Amino acid sequence: MLVLTRRLGESITIGDDIVVTVLSVSGGQVRLGITAPQSVRVVREEILKGIQEENSAAAKGLGGALPLDALAKRLGGAPTERKRA
Amino acid sequence: MHPEKHEAGKGSSLAEPTDAEFFFPEGLLGFATPRYFTLAPYSPPDGSPSPFFLLQAKEDDLCFPLIPPALLSSEYTPSAPPELLAKLGAESPAQVTPFAIVTLRDRIEEITVNLQAPLLVNPRSRLGFQIVAEQYPLRHPLLASPQA
């Protein structure tokens, strides 16, 4: 791993079009500003890991007997709309 | 977010033929392969209605149950930025159909839908991507009011 020391307001460039800037440091927290092309996915690591694990769980969920039948019956074709919390 | 500009799926037709081969150039998150999938409505053996679709990998046994998220919430509008639309070969967000992956679990009440990482597919170009929509929950309960 490349390790660099930066001060407040200083940046690091990655490749030609990605810039990471230290915006603030307080307590144990660092705020970073990231400029990158839309095609580059910028996501907190734990979010991406959560999604990868959920994908994995969803793929395994169909391993045994398919409960989709029972589920489809319970829903009667379409679940009713709900408000998001 | 600019939902008024980049809303995906509103107005896209689920009636469009989707039982076809789709190419996911980047695979799914955590699964670089497979990239070729068949996407088809799921029909229970007895012919009863079902809101589900199956995304079945061509190259192996990997299979994901999907549901159109519009059935769960009309307020669900994952954004599709212009760069993504271009990669999908779509000219407007209306040409893109969103699907959410269903995570089946032992108890029916525990089954959740992943609204945080929807699949966006273009039925015309047969291309698909899984995107990250951080503002939505990773595990949204499928059933509104579980009857214990």
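Residues numbered from 1 in each chain as written. Chains lettered and ligands numbered in written order. Predicted model: local features only at pLDDT ≥ 70, side-chain atom pairs only at ≥ 80, totals over all residues. Heavy atoms only, no water.

Focus on the confidence of the model for chain A
Then comes step 1: Summarising the model, chain A shows a mean pLDDT of 85, and 82% of its residues fall at 70 or more.
Then comes step 2: Every residue in residues 81-85 of chain A scores below 50 in pLDDT, and together they form 16 contacts with partners more than four places removed in sequence or on other chains. (pLDDT = per-residue confidence, 0-100. Contact = heavy atoms within 4.5 Å.)

Quick notes on the sheet that holds strand β1 (residues 11-14) of chain A
Residue and element names in this part refer to chain A.
Then comes step 1: Read across the open sheet, the three strands follow the order β1-β2-β3; overall the sheet is antiparallel. Each having just a single partner strand, β1 and β3 (29-35) make up the two edges of the open sheet. When strand polarity is set aside, the average angle formed by the axes of neighbouring strands in this sheet is 25°.
Then comes step 2: With seven bridges connecting them, strand β2 (residues 18-26) and β3 associate as antiparallel partners. (Pairing = 2+ DSSP bridges. Helix = DSSP H or I, 4+ residues; strand = E, 2+ residues; numbered from the N terminus. Axes fitted to C-alpha atoms, helices over the stretch in contact; angles between N-to-C directions.)

What to know about the pairing of β1(A)
Residues and elements named next belong to chain A.
Then comes step 1: Relative to β2, β1 runs antiparallel, the two sharing four bridges. The residue of β2 that forms the bridge with Ser 11 is Thr 21.
Then comes step 2: In sequence, β1 turns back onto β2 through a hairpin of three residues, with Gly 15 there showing a positive phi of about 65°.

A few points about the interface of chain B and chain A
One widely used convention gives an interface's size as the accessible area the parts lose upon coming together.
Then comes step 1: Listed by partner, the interface residues are 52 residues for chain B and 36 residues for chain A.
Then comes step 2: For the chain B and chain A pair, buried surface summed over both sides reaches about 3,900 Å², with 62% attributable to carbon and sulfur atoms.
Then comes step 3: Interface area lost by chain B to chain A is led by Leu29(B), Leu104(B) and Glu134(B), which between them contribute 15%.
Then comes step 4: Inspection of the region where chain B meets chain A yields three salt bridges.
Then comes step 5: In this structure, Arg139(B) and Glu54(A) form a salt bridge, with 2.9 Å as the shortest nitrogen-oxygen distance.
Then comes step 6: Counting the contacts that link chain B with chain A gives six residue pairs in polar contact (both at pLDDT 80 or more).
Then comes step 7: Residue composition of the side of chain B that touches chain A, grouped by class: 31 nonpolar, 12 polar and nine charged. (Buried area = accessible area lost by both parts, 1.4 Å probe. Salt bridge = Lys/Arg side-chain N within 4 Å of Asp/Glu carboxyl O. Polar contact = N/O pair within 3.5 Å; in protein donor to acceptor, adjacent residues only side chain to side chain. Nonpolar A, V, L, I, M, F, W, Y, C, P; charged D, E, K, R; others polar.)

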